[in-house]
Every structure is written in C-alpha cells, then in structure tokens.
Amino acid sequence: MRNVKISALGCYVPPRVLTNDDLAKMVDTSNEWILERTGILERHIADPDMATSDMAVMAAKAALEQRGIGGEEIDAIIVCTVTPDHMFPSTACLVQHQIGAKKAWGFDLIAACSGFVYGLTTGAHLVGAGTHKKVLVIGADTMSRIIDYQDRTTCVLFGDGAGAMLIEPAEEGEPGFVGFKNEIDGSGGPALKMRAGGSRLPASAETVAQRLHYVDQDGQAVFKFAVRRMGDISADLLAECGIQSSDVKLMIPHQANIRIINSAAHRLGMKPEQVMINIERYGNTTAATIPLATRDAIAEGKMAKGDLVLFTAVGAGFTSAANLWRWAY
Ligand code: UT7
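Keep in mind that this is a model prediction, so the values were computed, not measured.

Analysis parameters
Residues numbered from 1 in each chain as written. Predicted model: local features only at pLDDT ≥ 70, side-chain atom pairs only at ≥ 80, totals over all residues. Heavy atoms only, no water. Buried < 20%, exposed > 50% of the residue type's maximum accessible area, 1.4 Å probe, protein only. Helix = DSSP H or I, 4+ residues; strand = E, 2+ residues; numbered from the N terminus. Arc of directions from axis to C-beta. Contact = heavy atoms within 4.5 Å. Near = heavy atom within 4 Å. Polar contact = N/O pair within 3.5 Å; in protein donor to acceptor, adjacent residues only side chain to side chain. Phe/Tyr/Trp six-rings, centres within 6.5 Å; stacked < 30°, edge-to-face > 60°. Domains from an automatic or database assignment. Buried area = accessible area lost by both parts, 1.4 Å probe. Salt bridge = Lys/Arg side-chain N within 4 Å of Asp/Glu carboxyl O. Core = buried A, V, L, I, M, F, W, Y, C linked by side-chain atoms within 4.5 Å. Expected span 1.5 Å × (residues − 1). Axes fitted to C-alpha atoms, helices over the stretch in contact; angles between N-to-C directions. Left-handed = near helix turned anticlockwise from the far one by under 90°. Nonpolar A, V, L, I, M, F, W, Y, C, P; charged D, E, K, R; others polar. Pairing = 2+ DSSP bridges.

S.K.: What am I meant to see in helix α4 (residues 91–98) here?
M.R.: Every α-helix winds through 3.6 residues per turn, so residues three or four apart in the chain are directed the same way. Every buried residue belonging to α4 is among T91, A92 and V95, and all of these are buried. Seen end-on, α4 carries its buried residues on one side only, within an arc spanning 100°. The inward-facing, buried residues of α4 contact α3 (52–67), β4 (76–80), β5 (105–109) and β6 (135–142). Downstream of α4 by a residue or two, G100 has a phi angle that is positive, lying close to 65°.

Structure follows, in structure tokens:
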C-alpha cells in the first residue's frame with residue numbers, strides 16, 4: 001500500500017442553536033443534568049429546508065476550497081451517514097452532482113458513530129491501492145430528523161453537522177496514514193437502532209403512531225460498551241503499530257458523552273491535554289463529530305503538521321473504529 005495523507009478538511013454546522021435551557025422547556029430535564037451527565041451545553045439544528053446532502057455539500061466545498069481544486073478532480077466520494085436524504089439515490093450521488101465531481105463514483109457508508117473512521121479507512125485504501133488520487137470522505141448527519149423530542153433520554157444528546165476530509169497520495173516519509181483497527185460486534189444491535197422504516201418493518205400508519213422512526217437506545221448498555229471498546233480498540237491499534245500512548249499528540253474521539261471520552265482516555269493512559277473535547281458546542285453529530293473536533297483542534301493549536309493523531313469511535317451496530325494518522329499540513 002502506498003503512503004497516503006489527509007490534505008484538506010472542511011466543515012459545516014447549521015447556524016440555529018438549541019441550548020439545554022431550550023430543551024428544558026420541551027421535556028423534563030435541566031441544564032445541570034445534561035451538562036453533568038453528558039458534557040453538552042448546546043447543539044446546532046438544521047432548518048426544515050436543509051437535509052444531510054446540503055450540509056455535506058457545504059463541508060465538501062470548504063475542503064475543496066482549502067485545497068484549491070474543483071470537484072472535477074475528485075475520484076470518489078464516500079458519505080458516512082445514518083440520515084441520508086433518501087434511502088436511494090445515495091447521498092453521495094446528490095453531493096457528486098452539487099459539487100460538479102464529473103468523474104467521481106461513490107456511495108453512502110452506514111456505520112453510525114463509527115462511520116467517519118470507517119470512511120477514512122476505506123478512502124485510505126482506495127488511494128493506497130494506487131487506483132484513486134483524490135477521495136473525499138464526508139461525515140454528515142441531520143440527527144434532529146430522527147430524534148423524538150418527547151424522549152428526554154435521547155433528545156438532549158444529538159445535533160446536526162457535517163465534515164469532509166480529502167485523502168490523497170503522499171510521498172514516502174511524508175506524514176500520513178499509519179494504521180487502522182475496525183470491528184463489528186453485531187450482538188449489540190438491539191441497544192441502539194431505528195425500529196421501523198426498513199425492510200423488516202416498513203413505514204406504516206401504525207409505525208408512525210407508535211413512534212418507531214426515531215433513535216431507540218439503551219443508554220447504559222451503549223455507555224458500558226463504548227467505554228470498554230473505545231479504550232481497548234485504541235490500545236490494540238497502538239500496540240500493533242508499536243506506538244506508546246504518550247507518543248500520540250492528540251486523541252480525537254467520537255463525541256457522544258464526555259464521561260465516555262474521559263473513561264476511555266483514562267484506560268489508555270492519556271493525559272487530559274492529549275484528548276480533544278468539543279462536545280459542549282455540538283453534542284453528538286454522529287458521523288460528523290470527528291471532522292468537527294479535528295477542525296477545532298487545529299484552530300485551537302492542539303495539533304500541527306507531523307503530529308500523531310488517534311481517531312476513535314464506537315457506535316450503533318455495535319461498530320468500533322480506530323485510525324492513526326500523522327497530520328500532513
Ligand atoms: O454515539 C453512540 C450513541 N450513544 C451514546 O453514546 C450514549 C451512551 N449513553 C449515555 O451517554 C448515557 O447512558 C445517557 C446520557 C444516555 C444517560 O446517562 P446515565 O448516567 O446512564 O443515566 P441513566 O440512564 O442511568 O438515568 C439516570 C436517571 C434516570 O432516572 P431514574 O430512573 O434514576 O429516576 C433517568 O430517567 O436520569 C434520568 N434521565 C434524565 N433526567 C433528566 C434520563 N435522561 C434524562 C434527562 N434529564 N435528559
């Protein structure tokens with residue numbers, strides 16, 4: 001596999017903000033409970049006329065602009081999402097058209113909160129094989145469309161957003177992709193799912209009346225799995241690559257709950273300054289948390305060219321993912 005690098009990053013969050021106090025007016029909750037149990041202060045919510053592809057296009061255009069290229073140079077587009085505009089055509093098709101990526105193929109990747117790291121792994125291998133030169137990996141989710149704002153156990157957690165990274169060939173010795181470890185444990189499927197709307201239980205008047213088209217979660221089961229697996233899969237990847245946790249400049253974990261992040265980081269022996277947290281601003285944006293956290297980490301001067309960065313996530317499935325990259329710009 002040839003050396004590959006992340007050469008650009010673009011993000012988008014919708015301007016409208018939903019605060020904890022706003023939510024306390026909608027369900028029986030409080031700013032104190034949400035902040036203490038999750039670390040979230042506010043999240044961004046898309047207006048009704050904005051769908052996942054719209055946010056994905058904004059993020060993609062920002063990445064292309066940073067790199068100074070047009071969409072026609074892109075070879076493949078991977079959109080990681082659990083909230084596609086439609087079941088088909090894929091969101092990747094909608095993005096391809098909007099950014100003028102005339103020679104690109106692409107697809108949607110469903111891996112929930114692990115989606116973006118799976119996407120990075122896939123993109124790295126497409127470029128690493130020598131068959132693709134520019135692959136755009138986008139994480140985009142409009143979680144507000146599948147959240148029950150009458151369910152206080154889920155509605156406080158999620159927000160909307162998108163992020164895109166461009167993967168390209170790198171010279172030997174240039175900072176780039178170091179390694180990956182991704183897994184599925186399908187026994188965890190029932191703990192986090194959307195019950196209706198697929199081929200198992202198609203949409204009907206009954207499924208709508210029973211509120212089965214929303215995120216359905218056993219929070220404690222997900223929490224326990226996430227703490228254990230996020231720490232372990234990251235430790236396994238570091239061991240396979242012969243890297244100590246102290247060598248990692250920044251761990252950029254999926255932002256689902258500050259307590260999950262802190263526990264996983266503690267299991268890995270990471271110091272607080274090695275862990276990126278921005279959940280207070282965006283909540284859990286599913287496939288978009290990692291690019292958004294990377295953008296903020298760069299802006300805050302927490303990582304720079306050559307630094308070793310650990311992306312890690314756990315999500316519905318259960319899916320788990322870890323990637324090590326040396327940041328290339
Ligand atoms: O990216 C993957 C996606 N999901 C996750 O990563 C989520 C993983 N799970 C979690 O983050 C946590 O389990 C939650 C934040 C969802 C819940 O926190 P918890 O500390 O596990 O709370 P709990 O479920 O044990 O509930 C404790 C209490 C319950 O009341 P009782 O039964 O003790 O009277 C809940 O009904 O807190 C209550 N509760 C709330 N109270 C105020 C649950 N949600 C709320 C709320 N406001 N929003």
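S.K.: Is there a simple way to explain the site of the ligand in this structure?
M.R.: The environment of the ligand is made up of 23 residues, and the closest members are T29, R37, Q217, Q220 and N257. Here an oxygen atom of the ligand sits 2.7 Å away from a polar atom, N or O, in the side chain of R37. Measuring from a nitrogen atom of the ligand, one finds a backbone N or O atom of R152 at 2.8 Å. Secondary-structure elements contributing two or more residues to the shell around the ligand are α2 (31–38), α6 (152–155), α8 (219–241) and α9 (258–268). For the shell around the ligand, the leading source of residues is α8, giving 4 residues.

S.K.: Even after reading the chapter, I still don't get the packing of aromatic side chains, so can you show me in this structure?
M.R.: Given two aromatic rings, their pairing is described by the distance between the two centres and the angle made by the two planes. Across all of its chains, the model carries 4 aromatic pairs by this definition. Seen from their ring centres, W327 and Y329 are 5.2 Å apart, and the 50° between their planes marks the pair as tilted. You can call W327 buried: its relative accessible area is 1%.

S.K.: Help me understand the domain arrangement of the chain in this model?
M.R.: Interfaces are often sized by the accessible area lost when the parts come together. Partitioning the chain into domains gives domain 1 (4–169) and domain 2 (177–326). Across the contact, 49 residues belong to domain 1 and 42 residues belong to domain 2. Counting the surface lost from both domain 1 and domain 2, the interface buries some 3,600 Å², and carbon and sulfur atoms represent 65% of this. Per-residue buried area on domain 1 facing domain 2 is highest for C113, V117 and Y118; these three make up 17% of the total on that side. Where domain 1 touches domain 2, the interface holds 1 salt bridge. Ionic pairing is found between R211 and D148, a salt bridge with its closest N-O pair at 2.9 Å. Summed over the shared surface of domain 1 and domain 2, the result is 18 residue pairs in polar contact (both at pLDDT 80 or more).

S.K.: Sorry if this is basic, but what is going on with the nonpolar core here?
M.R.: For soluble globular proteins, nonpolar side chains are generally found buried alongside one another. Core analysis: the largest hydrophobic core is formed by 44 residues, its most contacted members being V215, V248, M251, M270, L310 and L324. In terms of residues, this core owes the most to one element, α8, which gives 8 residues. Both domains that furnish three or more residues to this core are identified here as domain 1 (4–169) and domain 2 (177–326). Beyond its immediate sequence surroundings of up to four residues, V215 is in contact with M143, I146, I147, T154, F158, L192 and K193. Formed by 39 residues, the second largest nonpolar core is a distinct cluster that contains L9, Y282, F311 and W327.

S.K.: Just checking my understanding: could you explain helix α5 (residues 115–128) for this structure?
M.R.: Under the 1.5 Å per step criterion, the end-to-end length of α5 is 19 Å for 14 residues, consistent within 8% with the ideal 20 Å. In terms of burial, α5 is largely enclosed, as 12 of its 14 residues are buried. Of the residues flanking the end of α5, it is G130, one or two places downstream, whose phi is positive at about 85°.

S.K.: What am I meant to see in the packing of α8 against α9 here?
M.R.: The contact between α8 and α9 brings their axes to 8 Å, and the two run at 35°. For the element pair α8 and α9, the recorded crossing hand is right-handed. Between α8 and α9, the contacting residues are F223, A226, V227, R228, M230, G231, D232, S234, A235 and L238 on the first element and R259, I260, S263, A264, R267 and L268 on the second. Its residues placed into classes, the contact of α8 with α9 shows 9 nonpolar, 3 polar and 4 charged.

S.K.: Explanation requested: the sheet that holds strand β8 (residues 177–184) in the structure shown.
M.R.: Either a parallel or an antiparallel arrangement is found when strands of a sheet pair, and the pairing is made through backbone hydrogen bonds. Strands sit in the order β8-β13-β12-β11 across an open sheet of 4 strands; the sheet is mixed. One side of each edge strand has no neighbouring strand; the edge strands of this open sheet are β8 and β11 (250–253). This sheet shows a mean twist of 10° between the axes of neighbouring strands, independent of strand direction. Pairing of β8 with strand β13 (residues 319–326), which is carried by 7 bridges, proceeds in the antiparallel orientation. In the sheet register, E183 faces β13, and the bridge partner there is S320. Taken strand by strand, α5 contacts β8, β12 (308–315) and β13, and its axis lies near 55° from that of β13. In the packing of α8 onto the sheet, the strands contacted are β8, β11, β12 and β13, and the crossing angle to β8 comes to about 140°.

S.K.: Sorry if this is basic, but what is going on with unusual backbone geometry here?
M.R.: Peptide bonds are mostly trans, and most non-glycine residues show a negative phi. Look at the link from F88 to P89: it is a cis peptide, with omega at 0°. As for its position among the elements, P89 is in the loop between β4 and α4. For the bond from G317 to F318, the omega torsion is -5°, close enough to zero to count as cis. Residue position: F318 is located in the loop between β12 and β13. One non-glycine residue, A112, lies in positive phi territory at about 50°.

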